[in-house]
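Below, each chain spelled out in residue letters.
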Amino acid sequence: MNLSRRTLLFAAAAIPLTACEAAGQEINTTANEARYANSPWRRVTDAQWRERLPELAYRVLRREATERAGTSPLNDEHRRGTFVCAGCGLALFRSEWKFNSGTGWPSFTRVIRENVGTKEDLLLFVPRTEYHCAQCLGHQGHVFDDGPPPTGLRYCNNGAALRFVPA
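Residues numbered from 1 in each chain as written. Predicted model: local features only at pLDDT ≥ 70, side-chain atom pairs only at ≥ 80, totals over all residues. Heavy atoms only, no water.

Participant: What should I look at first to understand the sheet that holds strand β9 (residues 162–166) in this one?
Facilitator: The strand order across the open sheet formed by three strands is β2-β1-β9, and the pairing between neighbours is antiparallel. One side of each edge strand has no neighbouring strand; the edge strands of this open sheet are β2 (91–94) and β9. With strand direction ignored, the average angle separating the axes of adjacent strands in the sheet is 30°. Taken together, the three bridges between strand β1 (residues 81–85) and β2 define a ladder with antiparallel strand orientation. (Pairing = 2+ DSSP bridges. Helix = DSSP H or I, 4+ residues; strand = E, 2+ residues; numbered from the N terminus. Axes fitted to C-alpha atoms, helices over the stretch in contact; angles between N-to-C directions.)

Participant: I would appreciate a short explanation of unusual backbone geometry in the present structure.
Facilitator: Only a minority of non-glycine residues have a phi that is not negative, and only a minority of peptide bonds are not trans. Cis rather than trans, the peptide bond between Pro 149 and Pro 150 has omega equal to 10°. With a phi angle near 60°, Glu 64 is a residue other than glycine that sits in the positive phi range. Mapped onto the elements, Glu 64 comes out in the loop between α4 (55–63) and β1.

Participant: I would appreciate a short explanation of the nonpolar core in the present structure.
Facilitator: Grouped together as the largest cluster of nonpolar side chains are 33 residues, with contacts concentrated most on Leu 61, Phe 83, Cys 85, Phe 93, Phe 108, Tyr 155 and Leu 162. Sorting the residues of this core by element identifies α4, β1, β2, β6 (128–133) and β9 as the ones contributing at least two each. Residue contributions to this core peak at four residues, all from α4. (Core = buried A, V, L, I, M, F, W, Y, C linked by side-chain atoms within 4.5 Å. Buried < 20%, exposed > 50% of the residue type's maximum accessible area, 1.4 Å probe, protein only.)

Participant: Before we go on, may I ask you to explain the sheet that holds strand β5 (residues 116–121) in this structure?
Facilitator: Each strand in a sheet pairs with another by means of backbone hydrogen bonds, the pair being arranged parallel or else antiparallel. Spatially, six strands are ordered β3-β4-β8-β7-β6-β5 in an open sheet, and the strand pairing comes out antiparallel. Where the open sheet ends on each side, the last strands, each with one partner, are β3 (98–99) and β5. The pairing of β3 with strand β4 (residues 107–108) spans two bridges and is classified as antiparallel. Each bridged residue has a counterpart across the sheet, and for Lys 98 the counterpart in β4 is Phe 108.

Shape is all these values report; function is a separate question.
Here's what the structure looks like:
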């Protein structure tokens, strides 16, 4: 296998950005997704998702895209409340778990574990843990092990994949 210098440099640069946290794997994805297996959100067609979601939310939730850093108004959301999936409204985060990670994406120290699923993401050639809404299977973001106490985790979420519901 012949790897170019560019490929090696890209992979080396990506390692600190994509360090995966084993604790993110502890979510019981099979049980969580089974809990919502009969949800009407699982029967929404791609065409229906396109109609009901804004373009960016569609690309993030249904195509696993990433919004540009620093563009989400949710970065500046500091009221008490709940962050829910923008696709189906399932509660994913409580406002007290949000923190300023300096990354440009809404970040949380924990997630409502029974409402998410995880899978390995190798898109950048380095294993990362992707998490998604267990009810509609909408992509939310990735979990990393560089967060603050008490968990040490950073659930790095696309703002376009969330809605905020004030308390």
